[in-house]
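Read off the chains here:
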Amino acid sequence: MSAPLYNRDILSLAVATAEFLPLPDARYHASLRAPLCGSRIILDLDTDDADRVIAIGLHVEACALGQASAALLARHATGRSIDEIRAARAAIAGWFGGSGDRPDWPGFDLLAPAKDYPARHGAILLPFDAAIAAFEPQGVGA
């Protein structure tokens, strides 16, 4: 029997996005929407001079799974480069598509029940997409 899609751990993570207040003075910003489900995220990302993440601010309007994913990104992105975030996003998408193992991003095992719900994949990928978009030269949504 598979684990329930929405459980206490997911809901706890979902409310954890409140720990990551917007950072208007951050170096990078992105605002994205997942077209399939309508989830939205505004992500502020601050980095050091080597472009390693030092802080993330969030405003997330998404289902609990999208919020949980955003919290996991924010909790574990510190010290990581954009290339590491891109690799994590690719691993998540590959796993969703059946071409890879579950990603090793910390805490991602909690989102494992969502693999069988493709309509939720966009909301889960959205925070990673926003972090990547924030690094784009044109400054998406900035």
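Quick note: structure is the one above.
The residue numbers shown here count from 1 along each chain, following its written sequence. This being a predicted model, a pLDDT of at least 70 is required before a residue's local features are given, and a value of 80 or more before pairs of side-chain atoms are given or counted; all residues contribute to the totals for chains, interfaces and linings. Excluding hydrogens and water, the side-chain figures rest on all heavy atoms present in the structure.

1. Here's the deal with helix α1 (residues 8–15)
Thinking step 1. Every buried residue of α1 is listed here: I10, L13 and A14. With its buried residues spanning 105° around the axis, α1 presents them on a single face. Exposed positions of α1 whose direction lies more than 90 degrees from the buried face are R8 and V15.
Thinking step 2. For this analysis, residues touch if any pair of their heavy atoms sits within 4.5 Å. Helix and strand definitions here come from DSSP, where helices need a minimum of 4 consecutive H or I residues and strands a minimum of 2 consecutive E residues; each element is numbered from the N-terminal end. Where the residues of α1 are buried, they touch α2 (64–76). Note on exposure labels: buried denotes an accessible area under 20% of the residue type's maximum, exposed denotes more than 50%, and partly exposed covers the range between, all computed with a 1.4 Å probe on protein chains only. In this description, one arc is meant: the one made by directions from the helix axis to the C-beta atoms.

2. Some points on the pairing of strand β2 (residues 40–47)
Strand residues, when the strand is regular, have side chains that alternate between the two faces of the sheet.
Thinking step 1. Two strands form a pair only when DSSP identifies at least two bridges running between them. Bridge count between strand β1 (residues 28–33) and β2: 6 bridges; the pairing is antiparallel. Across the sheet, R33 pairs through a bridge with R40, a residue of β2.
Thinking step 2. Taking the residues that link successive antiparallel strands as the turn, the β1-β2 hairpin has 6 residues, and the phi of G38 there is positive, at about 85°.
Thinking step 3. Bridge count for β2 against strand β3 (residues 53–61) is 8 bridges, and the pairing is antiparallel. Bridging from a neighbouring strand, D46 pairs with A55 of β3.
Thinking step 4. Count of turn residues in the β2/β3 antiparallel hairpin: 5 residues, of which D51 carries a positive phi of about 60°.

3. A few points about the side chain of S39
Thinking step 1. Among the structural elements, S39 can be located in the loop between β1 and β2.
Thinking step 2. Not counting chain neighbours up to four residues away, the residues in contact with S39 comprise L32, R33, A34, E61, A62, C63, A123 and L126.

4. Quick notes on the sheet that holds β2
Thinking step 1. Strand order across the open sheet formed by 3 strands is β1-β2-β3, with antiparallel pairing between neighbours. Both outer strands of the open sheet, β1 and β3, are each paired with one neighbouring strand and no more. Sheet twist, expressed as the mean angle between neighbouring strand axes with direction ignored, is 15°.
Thinking step 2. Across the sheet, α2 lies against β2 and β3, angled at about 170° from β3, the strand it touches most. Every axis corresponds to a line fitted to the C-alpha atoms, with the helix fit spanning only the stretch in contact, and the corresponding angles, defined between N-to-C directions, vary from 0 to 180 degrees.

Take it as geometry only, folks, not as evidence of what the structure does.
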